[in-house]
Amino acid sequence: MAVRLVPRMLRRVLRSSIRSCSSGAPVTQPRPGEPSQSAAEELSRRRLFLREHPAPFSAFLTDGFGRRHSYLRISLTEKCNLRCQYCMPEEGVPLTPKADLLTTEEILTLARLFVKEGVDKIRLTGGEPLIRPDVVDIVAQLHQLEGLRTIGVTTNGINLARLLPQLQKAGLNAINISLDTLVPAKFEFIVRRKGFHKVMEGIHKAIELGYRPVKVNCVVMRGLNEDELLDFVALTEGLPLDVRFIEYMPFDGNKWNFKKMVSYKEMLDTIRQQWPELEKLPKEESSTAKGFKIPGFQGHVSFITSMSEHFCGTCNRLRITADGNLKVCLFGNSEVSLRDHLRAEASEEELLSIIGAAVGRKKRQHAGMFNISQMKNRPMILIELFLRLPDSPPAIPSISSGDPFCVQGLRHGMSVSNQVATLRTGCRVPQPPPLAQQWLGSGSPQRHYSSHPDSDTNPKCLSPGSRAPATHSGHLPTSDELTHVDTEGRAAMVDVGGKPDTERVAVASAVVLLGPVAFKLVQENQLKKGDALVVAQLAGIQAAKVTSQLIPLCHHVALSHVQVRLELDSTRHAVLIQASCRAQGPTGVEMEALTSAAVAALTLYDMCKAVSRDIVLGEIKLISKTGGQRGDFHRS
């Protein structure tokens, strides 16, 4: 916990000094009659101080392999004014409704959160980010974030010459321009639009305004533009460019074919035949590019070798799509919606828990070029493009042995040795949940999600064999009258004003029979919508908190704890759900537990319905309840 608290404690201590600015950098008081420093100078000094006194890096942005994610790419829009062949289908892509896209305030809220946790570089992407009307204002507001060193943009260059002076003044300090050919007619063929001369104008405007280097991204495709390699390299002789040759990558709709890909080594050999003196440059930390320079040339060239020689081991990048989904890997199809949690008024701690869990599940490396080409993923244009109670524990999986239905393994991820503190009132989670993988004899990983860290100490995991009849402990009087109906047969809420406050606990369960196809996708977390188990768990927690809004005659209960556990039953191709609720009050919480289990089951159906409609929801029942005048109930 100390690791997470240090940055904020440091900032509070530094801010408490009268003779310091908000970042803690010393402030020199002007002598009488001297003008005070400008706001720009003060901001510059604050940033210098933060660079020289870095806070400990966020555990939420550190994955199970020790990779620190300090670089965030934010897609401002799905729209684009070009139709590049490798980026999107010729017919375009279905656009997300505007209401489902991140607003400017939501973008800035997420940016502030990530920068506070250690992100020091943000790149704005799209679609085409420069067609967003408020892009200059977004850059200006990002520029005010303390600790953010670099604000970059990746653009097709069509609007660059017109907007760059404003963007530079707002704080933009890095530019990547996409250009795949130096032949105007071929440009129109590749991007299916005119505009070559506007792109070239944008490149020269960037050089004129002092950007060094100006990065030019060139996707190399066999049979299309590999014959222009030497022409692009020649540009670096007289211009301060970093021409970055990118291996052709597979995304939905770009008809990727291995034969179209020109590997880094093949490109390098071609260039060396012309310039044998080509020198390799030192590689920057976490850089995706392999840099080379020809002696005497102003610029240099780089290679992005995503396919032939991946750089996953040093990856420090996260992506937020225009519709608010967090992608931890460009080539992965797992996403989690930050937008939905923002709009559900999730707290900063809750958002960090969600982000930390996603980062923690990041795999060691992507699946490789041939497997990636078979995976379902967004078109490139759309890529670059747990809610809980305040005092409830977060979702923390664990490992146990014995009963196969208690195996709590997850996908590839963090070591079990990573420990997570139970979240209690006033405490923060110091790092993302640990993830582990338990392989059974079938060779398939069992997945288990729990919103409680001490699963092994709870009642036994659900099992298909648990069909024993209900038992009662203590006196449990029955009634032959419905309590929610008055003497005239009208609906009425029970008056609980005279009942004593006691601790009430209830546990309910549900089973979702997915079928083999949907079950496998859930087990391997390959659903297009995202992680079904996490989303169902969050839905169950949220449902428990709003039960009185869903069930008309239920009393509002101030829950002190909600726990939702989901386990995979490979023998039935099912997900077993158990929901537990606790409160101190005059009325029971069995409806909250039942609602939680039922909504978690409905959410699983919603997540999987595109794959199969032959999904059965059943066995929704109360497992136990304790507290209250009627005694305890147990279905053992």
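As the structure is a computational prediction, the values presented were derived from the model and not from experiment.

A. Representation of helix H17 (residues 590-608) within the structure. For H17, with 19 residues, the first-to-last C-alpha span of 27 Å sits near the 27 Å given by 1.5 Å per residue. Listing the buried residues of H17 in full gives Glu-592, Ala-593, Thr-595, Ser-596, Ala-597, Ala-598, Ala-600, Ala-601, Thr-603, Leu-604, Met-607 and Cys-608.

B. Region of interest: helix H5 (residues 160-170). Taken as a whole, H5 has its buried residues at Leu-160, Ala-161, Leu-163, Leu-164, Leu-167 and Ala-170. For H5, the angular spread of the buried residues around the axis is 150°, confining them to a single face. Turned more than 90 degrees off the buried face of H5, the exposed positions are Arg-162 and Lys-169. Where the residues of H5 are buried, they touch helix H4 (135-142), strand S3 (150-155), strand S4 (174-178) and helix H7 (196-208). Phi turns positive, to about 130°, at Gly-171, one or two residues after H5.

C. Focus on the pairing of strand S1 (residues 71-75). Among the 5 residues in S1, 5 count as buried, and that is most of the element. Along S1, one buried face is formed by Tyr-71, Arg-73 and Ser-75 and the opposite face, lined by Leu-72 and Ile-74, is buried too. Sheet analysis places S1 next to strand S10 (residues 317-320), joined by 4 bridges and oriented parallel. Bridge pairing links Arg-73 to Arg-319 in S10.

D. Highlighting the side chain of Arg-132. Along the chain, Arg-132 falls in the loop between strand S2 (121-125) and H4. Side-chain polar atoms of Arg-132 contact the side chain of Asp-134, separated by 2.8 Å. When residues no more than four places from it in sequence are discounted, the contact partners of Arg-132 are Leu-76, Leu-102, Thr-103, Thr-104, Ile-107 and Ile-138.

E. Highlighting the nonpolar core. Membership of the largest hydrophobic core comes to 94 residues, with the highest contact counts inside it found for Phe-114, Ile-122, Leu-142 and Phe-245. Among the elements that take part in this core, helix H3 (residues 104-116) stands out by supplying 7 residues, more than any other. Counting residues in hydrophobic clusters, the runner-up holds 36 residues, among them Val-522, Val-557, Leu-604 and Ile-615.

F. The pattern of salt bridges, seen in detail. Under the defined criterion, the tally for this structure stands at 19 salt bridges. Put simply, Asp-227 and Lys-186 hold a salt bridge, and the shortest N to O gap is 3.4 Å. Here Lys-186 lies in helix H6 (residues 184-191) and Asp-227 lies in the loop between strand S5 (214-220) and helix H8 (229-238), a separation of 41 residues in the sequence. Taken together, the salt bridges that share partners define one network made up of Lys-186, Asp-227 and Glu-228.

G. Geometry of the packing of aromatic side chains. Tallied over the full model, the rule gives 6 aromatic pairs. Residues Phe-187 and Phe-196 carry aromatic rings whose centres are separated by 5.8 Å and whose planes lie at 70° to one another, so their mutual orientation is edge-to-face. By the burial criterion, Phe-187 is buried, and Phe-196 matches it. Look at Trp-275 and Phe-297: their rings are 6.0 Å apart centre to centre, the planes differ by 80°, and that puts the pair in the edge-to-face class. Residue Trp-275 is located in the loop between helix H9 (264-274) and strand S7 (279-280), and its partner Phe-297 is located in the loop between strand S8 (289-293) and strand S9 (300-304); the two are separated by 22 residues in the primary sequence. Judged by its relative accessible area of 12%, Trp-275 falls in the buried class. A connected cluster of aromatic rings, assembled from ring pairs, spans Phe-232, Phe-245, Tyr-264, Phe-292 and Phe-303. The ring centre of Tyr-71 lies 4.5 Å from the NZ or CZ of Lys-121, which sits over that ring. The aromatic ring of Tyr-264 is capped on one face by Lys-290, whose charged end is 5.4 Å from the ring centroid.

Cut-offs and rules
Residues numbered from 1 in each chain as written. Predicted model: local features only at pLDDT ≥ 70, side-chain atom pairs only at ≥ 80, totals over all residues. Heavy atoms only, no water. Helix = DSSP H or I, 4+ residues; strand = E, 2+ residues; numbered from the N terminus. Expected span 1.5 Å × (residues − 1). Buried < 20%, exposed > 50% of the residue type's maximum accessible area, 1.4 Å probe, protein only. Arc of directions from axis to C-beta. Contact = heavy atoms within 4.5 Å. Pairing = 2+ DSSP bridges. Polar contact = N/O pair within 3.5 Å; in protein donor to acceptor, adjacent residues only side chain to side chain. Core = buried A, V, L, I, M, F, W, Y, C linked by side-chain atoms within 4.5 Å. Salt bridge = Lys/Arg side-chain N within 4 Å of Asp/Glu carboxyl O. Phe/Tyr/Trp six-rings, centres within 6.5 Å; stacked < 30°, edge-to-face > 60°. Lys NZ or Arg CZ within 6 Å of the ring centre and 35° of its normal.

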